[in-house]
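Now for the letters of each chain:
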Amino acid sequence: MNPSFPRSALAKWSLPSPRVQQLLRQGAEIALNVPPEWLEEVDQASISSDSEHFVIDDPVIMAGARRVIRSSLIHWAEANIKNPGVPVAAHIPPDMLANARELVRRGTTEQMFNSSRAVQNTAWQLWMGIVFELTSDPAELRELLDVSSRSISAFIDANMEGIAAFMKAEREQRMRNSHVDRRELVTLILEGAAVSAQQASQRLGYNLAQPHCAAIIWSEETESELTELEAAAQALARFAGARQALTVMVNAATLWVWCSGDKAIDLDALRSASKELTQVRMAIGAAGQGIEGFRRAHLDALTTQRVLARLRSSARVVDFDM
């Protein structure tokens, strides 16, 4: 059995009869030599969604997708020629990783999964055409179609599980890199370096000329969740009436946050919302205007955090002006 599959899945997997194993091997041999128009039909299925027009316009992604389809077909067919009916190991070639990385960059990762299912449906239709040429015996057809369906579905699922894990890691790495870049620029601003507010605003995607409120959001738990820190940053922006927040990840348990200070923060609503974020604490600085206010608001938040630490306070959300 294939070591690339979970033991629980293998325990439920039953091999077909010797006759159906023979038929499956014959069908896989035919699949290795399908007519070019069949491959073209599968290629077209991969770009059939209206939401994927940008893929059609990108020759690099298109070429990579075609190579993935062909190499996946070869991988599945060769596996069933060698061991017909045995679960086929995941196949994630470099082209698939390259396309996944690009889709992560564009924020359109769902399109790979949509395309994969469309390809699976089309390939299944073509495979049935092969199967019905191999035998007309009802019992053999039933068993052959059943094992084929399970094999193809399990193969695609294994591929998608692998690529989903890769995409998750890629997103997290991009997030870390983005935070590093932002932290380096923000640190220069906080240290009073000669930085163009206009250029820095463009790089940060955040208007440094506006009024600011700032906060330090952190967790003192051993296994803090970045998602909770980010949820707290979003809550701060929401109850400050801001559309977005600038966040800088200082370490795995600390975020520096800024958002528009045009309106006073609804602290009661923020504290109420923060009750659901059990690991999170927040120190909020006084509002300030422009790049100097950006610095001062942060320093006020830092002072508030340090006072809480010295007092060993258990307060969850504390404002500098209180």
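Novice: How would you summarise the environment of Arg117 if you had to cite specific residues and measurements?
Specialist: One can find Arg117 in helix 7 (residues 110-134). Spatially, the C-alpha atom of Arg117 lies 8.4 Å from that of Ser46, the residues being 71 residues apart in sequence. Arg117 has contacts with Ile156, Asp157 and Met160, leaving out every residue within four places of it along the chain.

Novice: Outline the pairing of strand 4 (residues 281-284), supporting the account with residue identities and numerical values.
Specialist: In strand 4, alternate side chains face the same way, and those of Arg281 and Ala283 on one face and Met282 and Ile284 on the other are all buried. In this structure, strand 4 lies alongside strand 6 (residues 317-319), joined through three bridges in parallel fashion. The residue of strand 6 that forms the bridge with Ala283 is Val318.

Novice: Before we move on, could you go through the pattern of salt bridges and cite the residues and values that matter?
Specialist: For side chains of opposite charge, pairing can occur when their charged atoms come near one another. Scanning all chains against the criterion turns up eight salt bridges. With its nearest N and O atoms 3.0 Å apart, the salt bridge here joins Asp43 to Arg70. In this pair, Asp43 is assigned in helix 3 (residues 36-46) and Arg70 in helix 5 (residues 59-82), connecting sequence segments 27 residues apart. Judged by its relative accessible area of 5%, Asp43 is buried. Linking Arg117 and Asp157 is a salt bridge whose minimum nitrogen-to-oxygen distance equals 2.8 Å. Remark: Asp157 occurs in helix 8 (residues 138-190) and Arg117 occurs in helix 7; sequence separation between them is 40 residues. Assessed through its relative accessible area of 33%, Asp157 is described here as partly exposed.

Novice: Can you break down the nonpolar core residue by residue, with the values?
Specialist: Of all hydrophobic cores here, the largest spans 30 residues; its most connected members are Trp76, Met112, Trp127, Leu144 and Ile163. Elements that contribute at least two residues to this core include exactly helix 2 (18-31), helix 5, helix 6 (94-106), helix 7 and helix 8. With ten residues, the single largest contributor to this core is helix 8. Leave out the neighbours within four places in its chain, and Met112 touches Met96, Asn99, Ala100, Leu103, Ile163 and Met167.

Basis of the calculations
Residues numbered from 1 in each chain as written. Predicted model: local features only at pLDDT ≥ 70, side-chain atom pairs only at ≥ 80, totals over all residues. Heavy atoms only, no water. Helix = DSSP H or I, 4+ residues; strand = E, 2+ residues; numbered from the N terminus. Contact = heavy atoms within 4.5 Å. Buried < 20%, exposed > 50% of the residue type's maximum accessible area, 1.4 Å probe, protein only. Pairing = 2+ DSSP bridges. Salt bridge = Lys/Arg side-chain N within 4 Å of Asp/Glu carboxyl O. Core = buried A, V, L, I, M, F, W, Y, C linked by side-chain atoms within 4.5 Å.

Interpretation in functional terms is not warranted from these geometric data alone.
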